[in-house]
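# Chain and residue survey
Listed below, chain by chain, are the residues.
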Amino acid sequence: MSTMRKIVIVGATSAMAEHCARLWLQQGVDEMVLIGRDVQRTERVAADLRVRAPQCRIETISSDFLQPEAIARTVDQACNTINPDIVLIAHGSLPEQADCQQDLQQNRAALEVNALSPVLFAEAFATHLEQAGQGKLVLIGSVAGDRGRKSNYVYGAAKGLVTRYAQGLQHRFAGSRIQVLLVKPGPTDTPMTAHIKSSGAKLASVEQVAANIVSGVARGKMVIYAPAKWQLIMLIIRHLPRVIFNQMNI
Amino acid sequence: MKVYSWGRLSGEPHAVSMLASAGSLPALADGQRALPHGMGRSYGDSCLNPQGTLWKTTALDHYVSFDPESGLLVCEAGVLLRDIQRTFIPRGWILPVTPGTQLVTVGGAIANDVHGKNHHVHGSFGDHVRQLRLLRTDGSVIECGPEQNAEWFAATVGGLGLTGVITQACLQLRPVAGPWMETETCPYHSLDDFFQLADTSEAQWEHTVSWIDCMSGSHSRGIFMRGNPAAADISQPEPAAKALTVPLVPPVSLINPLSLRPFNAAYFHAQARKSGRRIQHYAGYFYPLDNLLEWNRIYGPRGFYQYQSVVPRHVGQDAVAAMLKEITRSGAGSFLAVLKTFGNRQAVGMMSFPQPGVTLALDFPNKGASTLALFQRLDAIVREAGGRLYMAKDARMPRDLFEAGYPRLAEFLNYRDPGLSSALSRRLIGY
Ligand SMILES: Cc1cc2nc3c(=O)[nH]c(=O)nc-3n(C[C@H](O)[C@H](O)[C@H](O)COP(=O)(O)OP(=O)(O)OC[C@H]3O[C@@H](n4cnc5c(N)ncnc54)[C@H](O)[C@@H]3O)c2cc1C
Ligand SMILES: NC(=O)c1ccc[n+]([C@@H]2O[C@H](COP(=O)([O-])OP(=O)(O)OC[C@H]3O[C@@H](n4cnc5c(N)ncnc54)[C@H](OP(=O)(O)O)[C@@H]3O)[C@@H](O)[C@H]2O)c1
């Protein structure tokens, strides 16, 4: 039904990415390349998707996610395999804020995986999309990137960097057939948030969030809040006067 | 966090963690016990482990392989039956056995050896499991099936999550023409009628079930529903999946004697008017309540029980009549009351519920002592009839009835995983 026939997913083992992939396959995809850091986990996702859509050719690449040369090589390999219509960059990891404050090593690791790694992938894909002259580059940021908060600013800052990077790419490709889309999920029920959930937090279902992402990507929305209500919530939070904001325990 | 089972009788704190990989289990601290937990669609306490750990399996939701020649599907245990139906019915394959909701996991369906409306033809869920992989808390892995490690298989099918965590299963799907069912609705006005309908339908119809008006006393009126997969593909648009959610827990049960009698009467007459044959989509036919999400909230903050028994056929009619009489007299009960026959076959699991006979299932709003007193009277009838109660629904059965109903208990205990325990196992087995 759609023209989005070839898709690359970085961080393909993410629950959000998997659910997006399942929805895309239902709509019809010809070829897919899944990139993950662990062969077994990535193959597990590929096997699942192959059962769901036997007509789609699905390949996997395992890669280092931090080394610039490895990232460049992986992206070349993916784009030699298929000419993607959509690239989704989904990986990330939610660190303990307190650990990051006490241990700079962990702090750095969190910044690397949530900020540096995705934007290096994005930059490498941007080059390929530019050559191909079309395609959608989708990055997953977070509502946490919209305003720094004491409970989560290391992760938030990393996602903020992704936000700004996406903005720059959007500017660069304005008026072209290349679209750069930024997804900002709210708290979602995935393995990443399992420890928050056990303390009783209310989380959106990953199916719901994936459906929001897939429809936002189809419409070419530059910023996709998922679920959509977070757009309003974050509008308010971003604009709360500091005196009020500082009273809040968030 | 507080965890409720489907009956919402208790919301006790549990340490909940999501199993992320089918390869290994999280370590357990000394003396700590865990329990695998699927969709929590069991009504009572079989899926709960208060003050202990729950391992949610719903992220183990990957297919592993499917062979379109043989219909063999290998998948992880957290896959929902709904997803299997949605993926494979369009390709001509269907799950041979599903319960009255498709929002359950493969692991949960195996651990309760669930049954559907077609027991007389296809038995229970375990009859279609070719193999499963069991992960024990000591780290060992046991592959078992009807031919391989058959004793482990028999312990784990219907094994209530107590023999290990099922991480993956191989299921035999059945060919199907499409998503449509040919159904027929027949009102009945006595238990005699019911049994006659059941007996005469079994040869021709794959699915049989009946709704019974538990307020009708000795008249025992109800609606008998039978169905077959429609033979050729029917080109009707499939209904869009629309779901409503019961938005809150009302302060008191909306199901009470005042609402029930007129409601049941209205339902009976409406269905009786619609009697006859028609074509129905499989989802609406098999899983009528799945579009009303969280309907279990209508019973209010105290929750509800389901009481499901099976009694042997030769005493079945008398036992069912006696139970209905007690229920009508008590004025308890609810709209959700199901009466159906099981076929003449033994289940594969040592602790499986289905056995030849007739099964009656009813919901009861929890009104405390009076509800429990009614159950004691029903227990006496079941005990006398040589029947058993269904653990997937149970939160209160007495131990002697459990032991009498499940004669293979001692054998089953040899296969327990000492790292796993549930509220039900502590209540009925001691640990
Ligand atoms: C509306 C409704 C209609 C129903 N109709 C029927 C019916 O017609 N027939 C019928 O038989 N049942 C019926 N049921 C009951 C339901 O099918 C069972 O309770 C089923 O087992 C629930 O599956 P679950 O995934 O929610 O498992 P849970 O309820 O979460 O767990 C059930 C048991 O399975 C164990 N378990 C779960 N996953 C695993 C695993 N991976 N490995 C090992 N053990 C595991 C748990 O420890 C627990 O003992 C119905 C329930 C509802 C709510
Ligand atoms: N869940 C939420 O509430 C939420 C909210 C806002 C934004 N997000 C964002 O949404 C995206 C998807 O997350 P999710 O919720 O789907 O989480 P998830 O299921 O836990 O997936 C996390 C993904 O990141 C990968 N990953 C984790 N640490 C990594 C590392 N150090 N190096 C390389 N890859 C790593 C994982 O790979 P492995 O499988 O190999 O571990 C996995 O693919 C992330 O960018 C996340 O930040 C999530």
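Look up: the structure comes first, before these words.
A brief report on the enclosed structure follows.

Cut-offs applied
Residues numbered from 1 in each chain as written. Chains lettered and ligands numbered in written order. Predicted model: local features only at pLDDT ≥ 70, side-chain atom pairs only at ≥ 80, totals over all residues. Heavy atoms only, no water. Near = heavy atom within 4 Å. Polar contact = N/O pair within 3.5 Å; in protein donor to acceptor, adjacent residues only side chain to side chain. Areas by Shrake-Rupley, 256 points an atom, 1.4 Å probe, with all protein chains shown as cover. Helix = DSSP H or I, 4+ residues; strand = E, 2+ residues; numbered from the N terminus. Nonpolar A, V, L, I, M, F, W, Y, C, P; charged D, E, K, R; others polar. Domains from an automatic or database assignment. Pairing = 2+ DSSP bridges. Axes fitted to C-alpha atoms, helices over the stretch in contact; angles between N-to-C directions. Contact = heavy atoms within 4.5 Å. 1 Å grid on protein atoms, 1.4 Å probe; cavity = no way out; pocket = protein on both sides within 12 Å on 5 of 7 lines; lining within 4 Å. Points joined across faces, edges and corners; volume = space filled by probe spheres on them. Parallel < 35°, antiparallel > 145°, perpendicular 65-115°, else oblique. Left-handed = near helix turned anticlockwise from the far one by under 90°. Salt bridge = Lys/Arg side-chain N within 4 Å of Asp/Glu carboxyl O. Buried < 20%, exposed > 50% of the residue type's maximum accessible area, 1.4 Å probe, protein only. Patch = residues over 30% accessible without salt bridge, like charges linked within 9 Å, V, L, I, M, F, W, Y side chains within 5 Å.

For the rest of this paragraph, the subject is the site of ligand 2. Residue and element names in this part refer to chain A. Neighbouring ligand 2 are 26 residues; Thr13, Ala15, Tyr155, Thr188 and Thr190 lie closest to it. Lysine 159 is positioned with one of its side-chain polar atoms (N or O) 2.9 Å from an oxygen atom of ligand 2. A total of 900 Å² of accessible area belongs to ligand 2 in isolation, and the protein chains cover 87% of it. Secondary-structure elements contributing two or more residues to the shell around ligand 2 are helix 1 (15–27) and helix 6 (153–172). Among the residues forming the shell around ligand 2, the class breakdown is 11 nonpolar, 12 polar and three charged.

Okay, the site of ligand 1 next. All names here are of chain B. Inspection of the region around ligand 1 gives 34 residues, with Pro36, Arg41, Ser42, Thr105 and Tyr390 positioned closest. For ligand 1, an oxygen atom lies 2.8 Å from a polar atom in the backbone of glycine 40. The contact in question runs from an oxygen atom of ligand 1 to an N or O atom on the side chain of serine 42, over 2.7 Å. Bound to the protein, ligand 1 loses 95% of the 980 Å² it would expose on its own. At the level of elements, strand 4 (34–37), helix 2 (106–111) and strand 11 (165–172) are the ones that each hand at least two residues to the shell around ligand 1. In the shell around ligand 1, the residues fall into 17 nonpolar, 15 polar and two charged. Inspection of the shell around ligand 1 shows a minimum of three residues originating in each of domain 1 (63–176) and domain 2 (180–394).

This paragraph deals with the sheet that holds strand 19 (residues 304–311) of chain B. Residue and element names in this part refer to chain B. Pairing is antiparallel in the open sheet, where eight strands are placed in the order 17-13-15-14-20-21-19-22. Looking at which strands have only one partner, the edges of the open sheet turn out to be strand 17 (276–281) and strand 22 (388–389). For strand 13 (residues 180–188) and strand 15 (residues 222–229), the ladder comprises eight bridges, and the chain directions are antiparallel. The residue bridging threonine 185 from the neighbouring strand is methionine 225, located in strand 15.

All names here are of chain A. As summarised here, the arrangement of the seven strands in space is 3-2-1-4-5-6-7, forming an open sheet in which the pairing is parallel. At either margin of the open sheet sits one strand with a lone partner, and together these are strand 3 (57–62) and strand 7 (223–226). Direction aside, neighbouring strands of the sheet carry axes that sit 15 degrees apart on average. As paired elements, strand 1 (residues 6–10) and strand 2 (residues 31–36) share five bridges and run parallel to each other. For lysine 6, the partnering residue across the bridge sits in strand 2 and is glutamate 31. Seen against the sheet, helix 2 (residues 39–52) touches strand 2 and strand 3 and runs at an angle of roughly 170 degrees to strand 3.

Now for empty space enclosed by the protein. Residues and elements named next belong to chain B. Tallied over the entire structure, the rule returns five cavities of 30 Å³ or more. Within this model, the largest cavity holds a volume of roughly 130 Å³. Here the residues of the lining of the largest cavity sort into nine nonpolar, five polar and three charged. For the lining of the largest cavity, the domains that each give at least three residues are domain 1 (63–176) and domain 2 (180–394). Space inside the second largest cavity adds up to approximately 50 Å³. Taken together, Tyr305, Gln306, Tyr307, Gln308, Leu389, Tyr390, Lys393, Asp394, Ala395 and Arg396 make up the full set of residues lining the second largest cavity.

Time to look at the packing of helix 1 of chain A against helix 8 (residues 206–219) of chain A. Packed helix pairs are characterised by how far apart their axes lie and by the angle those axes make with each other. All names here are of chain A. One can describe the packing of helix 1 onto helix 8 by two numbers: an axis separation of 8 Å at closest approach and a directional angle of 55 degrees. On the basis of the axis angle, helix 1 is oblique to helix 8. Crossing geometry of helix 1 relative to helix 8 is assigned as right-handed. On helix 8, the residues that touch Ala15, Met16, His19, Cys20, Leu23, Trp24 and Gln27 of helix 1 are Val206, Glu207, Val209, Ala210, Ala211, Ile213, Val214 and Val217. Residue classes in the contact of helix 1 with helix 8 are distributed as 12 nonpolar, two polar and one charged.

The tally for this structure, following the rule as stated, stands at 33 salt bridges over all chains. Between Arg238(A) and Asp146(A) there is a salt bridge whose closest N-O contact spans 3.0 Å. Within this pair, whereas Arg238(A) is found in helix 9 (residues 229–239), its partner Asp146(A) is found in the loop between strand 5 (135–140) and helix 6, the two being separated by 92 residues in sequence. Overall, Arg238(A) belongs to the partly exposed group, its relative accessible area being 32%. Classification of Asp146(A) as buried rests on a relative accessible area of 13%. Put simply, Glu403(B) and Arg399(B) hold a salt bridge, and the shortest N to O gap is 3.9 Å. Placement of the pair is Glu403(B) and Arg399(B) together in helix 10 (residues 399–405), with a separation of four residues, close to one helical turn.

Our focus in this paragraph is a nonpolar patch on the surface. All names here are of chain A. On the surface, Leu232, Leu235 and Ile236 cluster together into a nonpolar patch covering about 290 Å² of accessible area. Examined against the element boundaries, isoleucine 236 turns out to sit in helix 9. By relative accessible area, isoleucine 236 is classed as partly exposed at 49%.

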